[in-house]
Every structure is written in structure tokens, then in C-alpha cells.
Amino acid sequence: MMTRDEACDLFRSPDLIGIGMAADAVRRTLHPEGVVSYIIDRNINYTNFCTEYCTFCAFYRPLGHEEGYILPKEVIFQKIQETLDLGGTGVLMQGGLHPDLKIEWYEDLMRSIKQRFRIHLHCFSSPEIVNIAEVSGLSLRDTIARLRDAGLDSIPGGGAEILDDAVRHRISRLKCSTQEWADVHLEAHRLGMRTTATMMFGCGETIEQRVAHLQLVREIQEETGGFTAFIPWTFQRENTSLGRTVKEEATAVEYLKTLAISRLYLDNIDNVQSSWVTQGLKTCQVGLRFGGNDVGSIMIEENVVYSAGAHHRAYEEELRRIIRDAGFVPRQRDTLYRTFFLN
Ligand code: SF4
């Protein structure tokens, strides 16, 4: 098992290809069948009102802002119907932190979706869950259990950014702490729910802070085994206040190196995602030889990412082509990374 010092040394090493080949070997051990998966799902941002003012975020609007919205249920239903019509299997629903939406609002939303549709609900990142618990006066465990009973199937890893409180204090001062992010995932796993882990890097953190993030994710996985996947992506500067101080976005080299080191460090997590949404198709494709075995969603409506300037779009055939050309078999999966019932 790789130590923190070894991971830091790799980050400082110029041997990009060597690191990639080592990660590819781990990928091959975990996925010897040579399949690269993707999902057809849709991101629904149910509200952009938010009280947290994260400096890297171009998506939120303060309470009362004229561009703020809370999606009516009918609009959410329509988006889900369109997702199912296009062969989708799930929705990733996330939003800002709204002080007036208590747990009953979320329970009602989950229940009314499940009454109408057979769809996997992958919703509410850690900061949202912490917020729902706070405004409802509930423990994290009770909050997650009630959401699960209302229809929540799994929890996305968003809101992790860099799991180091010094970094969080700088870029998302009001948002949940490192410990709170971890607690949501630990509680969810203990309740039998699966979650994903993410990392947004390139926001001015040190290599040591990035490795501390990987270490925490590895420790949680050792304890619970509840993470399905690790999804690293890069901070997108455009339209953000953090973009005025962090002048340079992470390069493709830095992305590929971080992806590969994630694959090496987190060998107890089955899936690592190579992201076309933030890196573009070509870097995503190379990422499949740097430890990635999944390319994420083909149908994205991710306002958090799009309003920060990542305009890459691809459709299923194009994505299948780049997977095949990298030497892999493309296969559709569901939110829990199961491929056996599709294709
Ligand atoms: S990243 Fe999330 S919590 Fe932070 S301001 Fe944006 S919507 Fe709010």
C-alpha cells in the first residue's frame, strides 16, 4: 500500500508515463475484462439559492436574487421523464443550501418521484445533508435514514473539494468541514447506502493537502467499503471569485498525474472516473490509460460546471468511439456501476 510520502514523491516526479503505466496496471488488475463504463443520467439542480458563498462557485445566487429559483416539482418530473425516454437510469440531483427547505420538503420530493418513476435517485451531497439536518434539528443519521426511507438511493461525493480544513477555510468558509463531509459518508455507509467520493483540485492547495484528501478517503473505505467510485476533477476558474486569485487552471499533465496517483493510492475503491466534462474528450480518453475505467455521464445538465465554462458536450456514440479507440469495450452502467443488465 502506497504511503503518503510515496504519493507526494510521485506528484513531484516528472515521470508522467511511468506513473500512468503503474496506474494502468492497477486498473487492469481490478478490471481485467477491459470494459470502460458510462452512465446515461441527468443532473438536476433543484435550487440555485445558497447561503454559503463558496469562492469557486459560479452557480449560486444569494437568497432573494432575481436569478434565483427553486424548481417546481412538475419541472423535475418532466426532466426525469425526458431522462427515461433517452434510456437514462438515474438522476443526480443537487442544489444550493437553502435555509427554509426542511426535511419534509425533501421527503415529499423523493416520495413523489418514486411514486411516478422507476429511477435511481443519487442526490444531496454532504453540505446539503448537513444543512438539511441543521435546519430540521435532526442528527445526520436520522436525516439520511429518513431520506433513504423516502426514496433516496445513494449519495454523491460533491462538496469534498479538498478535504483539508485550511483549504476549505480559504475557498468555502461556510460550507461543511472535512469531518462533516466524512461523517455523512460514514453514516450513509453504516445505513447500507453507497456513495461516491470526489476531489476538486487545482484551487491552490499543496501536494500534501491533496494527498491528505486521498488518505481520508482511503481510511473511510477501509472502514466501510461504501464508496463505489472516486471522481477527481479540476477547478474551473471562469466566472468565479477564486479565479481572480488562482490564475492558472490545472493542466492536462497535472490532471493525468492526479488521476493516476488517485488510482494507485485508492486501490481499495473499484472505480476511478476520467472526466470529459471538465477535461474534454481527448484528455478523458488518455485518462483511460492513466487509471480511469469510467467516463461518467453522457447526458449532463450540470449548471455548477457549465456556468464555470466547461462547454464540452458529447453524445453516446462519440463517447463509445473514444472508448473503443483507446482499446476498451464501452458499456452502459447504472449509478451503482452495475453493467450486467444493460447492453
Ligand atoms: S458550491 Fe454549493 S455550497 Fe458552495 S456556493 Fe455553490 S451551491 Fe453553495
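The structure we're discussing is the one just above.
How each quantity is defined
Residues numbered from 1 in each chain as written. Predicted model: local features only at pLDDT ≥ 70, side-chain atom pairs only at ≥ 80, totals over all residues. Heavy atoms only, no water. Axes fitted to C-alpha atoms, helices over the stretch in contact; angles between N-to-C directions. Helix = DSSP H or I, 4+ residues; strand = E, 2+ residues; numbered from the N terminus. Parallel < 35°, antiparallel > 145°, perpendicular 65-115°, else oblique. Contact = heavy atoms within 4.5 Å. Nonpolar A, V, L, I, M, F, W, Y, C, P; charged D, E, K, R; others polar. Left-handed = near helix turned anticlockwise from the far one by under 90°. Near = heavy atom within 4 Å.

(A) Up close: the packing of helix α5 (residues 126-136) against helix α8 (residues 178-190). Closest axis-to-axis distance for the α5/α8 pair is 9 Å, and the angle between their directions is 85 degrees. As summarised for this structure, α5 and α8 are arranged roughly perpendicular, according to the angle between their axes. Here Ser126, Ile129, Val130 and Glu134 of α5 come into contact with α8, specifically with Glu180, Trp181, Val184 and His185. A per-class count over the contact of α5 with α8 returns four nonpolar, two polar and two charged.

(B) Broad picture of the packing of helix α1 (residues 4-12) against helix α9 (residues 207-224). Put simply, α1 and α9 touch, their axes get as near as 10 Å, and they point 130 degrees apart. In terms of their interaxial angle, α1 and α9 are classed as oblique. Considering the relative orientation of α1 and α9, their crossing is right-handed. When α1 is examined against α9, the residues Arg4, Ala7, Cys8, Phe11 and Arg12 are found in contact with a partner set consisting of Ile207, Glu208, Arg210, Val211, Ala212 and Gln215. Taken together, the residues that form the contact of α1 with α9 break down as six nonpolar, one polar and four charged.

(C) Focus on the site of the ligand. For the ligand, the full set of nearby residues is Cys50, Glu52, Tyr53, Cys54, Phe56, Cys57, Phe59, Tyr60, Gly96 and Lys175. Split into classes, the residues belonging to the shell around the ligand amount to seven nonpolar, one polar and two charged.

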